[in-house]
Amino acid sequence: MISKTDSPPRTDSAEIATGRSSRKIKILILLSGFGVAFLTAIKIGAVPIDLGDLFAGTASFVKTQVFYNIRLPRVILAALVGCSLAISGAALQGLLRNPLADPGLIGVSSGAALGAISMIVLGEMLELPDELRPYALPVSAIIGAISVTSLLFVFAQSRRQFAVVTILLVGIAINALAGVGIGIFQYISDDSQLRTLTFWMMGSLGRGTWDMLVPAALLIGVSSLLIFKSSRELDLIQLGEPEAEFLGVDVQALKRRIILGSAIGVGAAVSLSGMIGFIGLVVPHLVRLGVGVPHKVVIIGSAILGAALLVMADLVARVTIPPAEVPVSIITSAIGAPFFLWLILRERNL
Amino acid sequence: MSIEIENLSLQLGGVDILSGVKAQLDSGSINVLAGPNGAGKTSLLRVLCGELRPNKGRVLIDGSTLDSFSLEELAKKRCVMTQSTMVVFDFTALEILEMSWLSGPKNKFMDQLEDFCNRCEVMHLVHRKFRSLSGGEKQRVLFVRALLQVSSQRPSDGSSQYLFLDEPTSNLDIAHELTLLSVCRERAREGFGVVIVLHDLNLASRFADSILLLQEGKLRAVGRPEEVLDGNVLSSLYGTDIVVENNKTVGRLVIHS
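Note that the structure is predicted; figures quoted are calculated from it, not measured. (Residues numbered from 1 in each chain as written. Chains lettered and ligands numbered in written order. Predicted model: local features only at pLDDT ≥ 70, side-chain atom pairs only at ≥ 80, totals over all residues.)

(A) Seen up close, the overall build of chain B. Counting its secondary structure elements, chain B contains nine helices and twelve strands. Computed over its C-alpha atoms, the radius of gyration of chain B comes to 18 Å, within 12% of the 18 Å expected for a compact globule of 257 residues. The buried share of chain B, taken over its 257 residues, is 46%. (Helix = DSSP H or I, 4+ residues; strand = E, 2+ residues; numbered from the N terminus. Rg over C-alpha atoms; globule rule 2.2 N^0.38 Å. Buried ≥ 20, exposed ≤ 12 C-beta atoms within 10 Å, placed from the backbone.)

This is the structure in structure tokens:
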């Protein structure tokens, strides 16, 4: 046929393979970063704890109590919530093919909060047996999150072209609506409920106790697994919904799985710690920039970095004005909001 | 082995998009769908690949209806290259190509990936971000992606496979147009059924085994290029003067407009 004088040189498969092992190394670096953050966070606080003394058994009774009953569950809770919010953010961004999707911005967290608040105020009427009580708050938060995520989908699908803008606008509307619902519940709640509700809404990791951690870890585990198992399909849907279907992906089933997975994750996180913004937005982006974009990498990386980041943010919240605390959501928003603006600028240039 | 289109009708939003289309597309051949804008070429392709359900009629692939295949079976049976693919995140071209890997040994897939990349001259692009590629470069990468999906796993029972390509050359320069269609020709020789929506009638005349000429959702003419490409038919179809010349120098029909 035609002969081209300057055809590009052949490349061999050795060149194709580069870049794979460096990702593993980057994930390991993230993991060791998390390790450092975790150890720092369990050491530093209003009561400084020397880990050497603690494990040697020479630490004081008070320090031992503080460590096992307050510090350790709190740091673990921060790691779980950070991990869950970041994974959910990664999954929602992937599914909606929208880099600005964040559980907080698009209203999923508000939906979860409304669900949780309705349980705080109305829960006593249900007269649940004691062994189910720890699950009631997360479950109703999850139901709230599922309702909102499903609603988002109805809107995102009817006008696919404008999905990026539509979803953010719908998020604003849902946040406002949830605000109305929360206001109503505040109005009808009694004094003790109102106190619980107010503390809860401020967003804090200080309520981490061991008996809350077990159901949380369970739910967040289920959520992460549902999402992680879909990572290849989340990659394929980046080509477009019809294209993913041409490659054998059951797109509707994928949507249901991701909606359920992220709603369980966000619902569990919000029911434990209140609303903590921007982790779900910032973390997946940092992982994409630093490690890679395939969802397997994004999800594993987000889990680790999300945990590390929230553990560090909570540490800052605890040590800035001890023994008082800055609400952790202020710290995450202070980092996240400028990042969000930068992202909008960046997307606009494309 | 063939795709049989039986009396196909399609309505979208109350408008007749296709009506009463009957045709047979053989495997081992290149079938070009041509016709003016809005004639229903892309819609027909979307019905054939299973994305749109017809209101009437049916499509048989090797004797079985489209519905009888699962999504996974269809993914191995046929690949589809759509007109535009927008990728939001910064996947590299290589990552886009690897999405075609469905199952089976990965190293065999990678060998084939390398062959096709060299054949379609995209090897130098594989580590670039897909979003940073030009329109033509993206199109070549997506063509290779489609090819890989079906080529990496030939069925052991000898059943045929199909390539559905919607205007695959719309952004390509002349040389790459020819390369892409030559690759289609090679695939057809290997037994693939190739279905291409193509606007360029000269390319159609050069590469098609059979041309389906559509007009307002109906099949106006079907057959070999020399049967279908007629100056009078084309002039009335497109509403502009078109002359078809049997050029002895190049040994095929040349269409002037």
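(B) Region of the structure containing the sheet that holds strand β6 (residues 78–81) of chain B. Residues and elements named next belong to chain B. On the basis of which strands lie adjacent, the open sheet formed by six strands has the order β6-β7-β8-β3-β9-β10 and mixed pairing. Where the open sheet ends on each side, the last strands, each with one partner, are β6 and β10 (218–223). Looking at each pair of strands side by side, their axes are set apart by 15 degrees on average, direction ignored. Pairing of strand β3 (residues 30–34) with strand β8 (residues 193–197) involves four bridges; the strand directions are parallel. When the bridges of β8 are listed, I30 appears paired with V194. Relative to the sheet, helix α1 (residues 41–48) contacts β3, β7 (162–166), β8 and β9 (210–215), its axis offset from that of β8 by approximately 150 degrees. (Pairing = 2+ DSSP bridges. Axes fitted to C-alpha atoms, helices over the stretch in contact; angles between N-to-C directions. Contact = placed C-beta atoms within 7 Å.)

(C) Layout of the confidence of the model for chain B. In this model, chain B carries a mean pLDDT of 94, and residues with pLDDT of at least 70 account for 100%. For this predicted complex, the interface confidence comes out at an ipTM of 0.94, alongside a pTM of 0.88. (pLDDT = per-residue confidence, 0-100.)

(D) Structural detail: the packing of helix α5 (residues 108–126) of chain A against helix α12 (residues 251–273) of chain A. Residues and elements named next belong to chain A. In contact at an axis separation of 9 Å, α5 and α12 are set at 55 degrees when each is read in the N-to-C sense. Accordingly, the angle class assigned to the pair α5 and α12 is oblique. Every pair of crossing elements has a handedness; the one defined by α5 and α12 is right-handed. Here V108, S109, A112, A113, G115 and A116 of α5 lie close against α12, whose contacting residues are A263, V266, G267, V270 and S271. Its residues assigned to classes, the contact of α5 with α12 shows seven nonpolar, four polar and no charged. (Parallel < 35°, antiparallel > 145°, perpendicular 65-115°, else oblique. Left-handed = near helix turned anticlockwise from the far one by under 90°. Nonpolar A, V, L, I, M, F, W, Y, C, P; charged D, E, K, R; others polar.)

(E) Just the pairing of β7 of chain B, in detail. Residues and elements named next belong to chain B. For β7, the buried fraction is high: five of the five residues fall into the buried class. The side-chain alternation of β7 yields two buried faces, one formed by Y162, F164 and D166 and the other by L163 and L165. Of the pairings in the sheet, the one linking β6 to β7 comprises four bridges and is parallel in character. For R78, the partnering residue across the bridge sits in β7 and is Y162. Bridge count for β7 against β8 is five bridges, and the pairing is parallel. From the neighbouring strand, L165 faces β8, where its bridge partner is I196. Handedness of the crossover is the feature at issue here: the chain leaves β7, passes through helix α6 (residues 174–189), returns alongside β8, and the resulting connection is right-handed. (Right-handed = clockwise from strand over helix to strand, strands pointing away.)

(F) How the structure looks around the sheet that holds strand β2 (residues 15–26) of chain B. Residue and element names in this part refer to chain B. The strand order across the open sheet formed by four strands is β2-β1-β4-β5, and the pairing between neighbours is antiparallel. Since the sheet does not close on itself, it has two edges, and those belong to β2 and β5 (64–65), each with one partner. In terms of strand pairing, strand β1 (residues 2–12) meets strand β4 (residues 56–61) through five bridges, oriented antiparallel. Residue pairing across strands places I3 opposite I61, the latter belonging to β4.

(G) Examining the environment of D235 of chain A more closely. Within the secondary structure, D235 of chain A is located in helix α10 (residues 231–236). You can call D235 of chain A buried: it has 25 C-beta atoms within 10 Å. If we skip the residues at most four places from it in the chain, D235 of chain A touches P294 and H295 of chain A together with M99 of chain B.

(H) Seen up close, the interface of chain A and chain B. Contacts between the two partners involve 26 residues from chain A, matched on the other side by 29 residues from chain B. For the side of chain A that touches chain B, the secondary structure elements donating two or more residues are α1 (13–17), α10 and α11 (241–246) of chain A. Ranked by residue count, the leading element in the side of chain A that touches chain B is α11 of chain A, at four residues. By residue class, the composition of the side of chain A that touches chain B is twelve nonpolar, six polar and eight charged.

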